[in-house]
Amino acid sequence: EKREEGTKKFRHDIRNHITLLQHFIRSQEYDKAEEYLDVMNEKVEAFGNHVSVHNGIADAILNKFYSEAEEKGIELRVKGHFPMECHIVAYDICTVLSNLLSNALLAEYQCKGEAIEVGIRYTEDELYLQVENDYAHELQISDGEFRTTKTDFGHGYGLANVRECVERTGGHMTISTENQRFKVMLCMRNEKEE
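A short tour of the structure in this document, coming up. Residue positions within a chain follow its written sequence, with the count starting from 1. Reporting in this predicted model follows two pLDDT cut-offs: at least 70 for local features of residues, and 80 or more for side-chain atom pairs to be given and counted; totals over whole chains, interfaces and linings ignore these cut-offs and use all residues. Only hydrogens and water are set aside; all other atoms, that is, all heavy atoms of the structure, feed into the side-chain values.

A separate point is the overall build of the protein chain. In terms of regular secondary structure, the protein chain is built from 5 helices and 7 strands. Starting at the N terminus, the α and β elements of the protein chain follow one another as α-α-α-β-α-β-β-β-β-α-β-β. Think of it in three bands: with a 1.4 Å probe and only protein chains considered, a residue is buried below 20% of the maximum accessible area for its type, exposed above 50%, and partly exposed in between. With 194 residues in all, the protein chain has 33% of them scored as buried. Residues count as neighbours in contact if any of their non-hydrogen atoms are within 4.5 Å of one another. Expressed as a percentage of contacts within the protein chain between residues at least 6 apart in sequence, the contacts between residues at least 24 apart total 62%. For the protein chain, the exposed surface amounts to about 12800 Å²; the carbon and sulfur share of it is 47%. Under the scheme used here, helices are H or I runs from DSSP no shorter than 4 residues and strands are E runs no shorter than 2 residues, and both carry numbers assigned from the N terminus. Using a 1.4 Å probe, accessible areas were evaluated by the Shrake-Rupley method; residue-level cover was limited to the displayed protein chains.

Right, here's the structure in full:
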């Protein structure tokens, strides 16, 4: 919402910016025009969406983590997009993406990795999501479930919350840990509720 508000404000003033640039060019003040364009470009980059998957909720979450990853020198690569008619509730989209990307970013950063891969595809009634990242620490498994290695209070629920959302939609989730790559693959039902 903040990004969208910034975009609206910028659009509101764009004519004034163009008028000033035209003045610099007509006055042959090319250095000033170039400096002004640099400032404008920084403003646009600050609120621009880097990722779009045709779903406002997913876009907001992906762009948040894209910026965080970029700050840490990690690339967030996203392929695919959501269906134009997505019937998965915003709460579930937020829970799934936020938890998976938060875990992936932390693991990738801890092992000094370079990239997180996100894949999205769909059929008429299903949405498939895959998040893959590097990891370096020893994975802890208890009762067939992955356990957090975080020591501070309030952690350890992320994957369980993701699984709960996925299963609530009638979907399923699998996790692979081959070649020091942690890969979560899930399918969520995308059916309109009657």
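On to the side chain of glutamate 126. Looking at the element boundaries, glutamate 126 is found in strand β3 (residues 126-134). Residue glutamate 126 is classed as buried on the basis of its relative accessible area, which comes to 18%. Here a polar contact is recorded for every N or O atom pair within 3.5 Å, except that within protein the pair must consist of a potential hydrogen donor and a potential acceptor, and residues adjacent in sequence are included only if both atoms are side-chain atoms. One polar contact links glutamate 126 to arginine 189, side chain to side chain, over a distance of 3.0 Å. Each residue touching glutamate 126, except ones within four places of it in the same chain, is listed here: Arg121, Cys187, Met188, Arg189 and Asn190.

Here we come to the pairing of strand β7 (residues 181-189). The criterion for strand pairing is that DSSP finds at least two bridges linking the strands in question. Sheet analysis places β3 next to β7, joined by 9 bridges and oriented antiparallel. Across the sheet, glutamate 126 pairs through a bridge with arginine 189, a residue of β7. Sheet topology places strand β6 (residues 172-176) next to β7; 5 bridges connect them, and they run antiparallel. In the strand pairing of β7, serine 176 is matched with lysine 183. Hairpin connection from β6 to β7: 4 residues lie between these consecutive antiparallel strands, with asparagine 179 at a positive phi of about 55 degrees.

The next thing to look at is the packing of helix α4 (residues 90-110) against helix α5 (residues 158-168). Think of each axis as a best-fit line through the C-alpha atoms, taken over the contacting stretch in the case of a helix, with angles from 0 to 180 degrees between the N-to-C directions. Close contact between α4 and α5 brings their axes to 9 Å; oriented N to C, the two are set at 145 degrees. The handedness of the crossing between α4 and α5 comes out as left-handed. Residues Tyr91, Asp92, Thr95, Val96, Asn99, Leu100 and Asn103 of α4 form the contact with α5, whose participating residues are Gly158, Leu159, Asn161, Val162, Cys165, Val166 and Arg168. Residues belonging to the contact of α4 with α5 are distributed by class as follows: 7 nonpolar, 5 polar and 2 charged. Note on convention: the crossing is left-handed when the near helix lies turned anticlockwise from the far helix by less than a right angle, right-handed when the turn is clockwise. Residue polarity follows a fixed list, in which Ala, Val, Leu, Ile, Met, Phe, Trp, Tyr, Cys and Pro are nonpolar, Asp, Glu, Lys and Arg are charged, and the others, Gly among them, are polar.

The next thing to look at is the sheet that holds β6. One open sheet accounts for 5 strands, arranged β1-β2-β3-β7-β6; its pairing is mixed. Bordering the open sheet on either side are β1 (75-80) and β6, each of which pairs with just one other strand. The sheet shows a mean angle of 10 degrees between the axes of neighbouring strands, direction not considered.

Turning our eyes to something else, we now look at the nonpolar core. By nonpolar core we mean a set of buried residues, namely Ala, Val, Leu, Ile, Met, Phe, Trp, Tyr and Cys, connected to one another through side-chain atoms within 4.5 Å. Of all hydrophobic cores here, the largest spans 35 residues; its most connected members are Val96, Leu100, Leu101, Ile116, Val118, Leu129 and Leu186. Secondary structure elements with two or more residues in this core: α3 (56-71), α4, β2 (115-122), β3, α5 and β7. The biggest single contributor to this core is α4, with 8 residues. The residues touching leucine 186, leaving out its near neighbours within four places in the chain, are Val96, Leu100, Leu127, Tyr128, Leu129, Val162, Val166, His172 and Met173.

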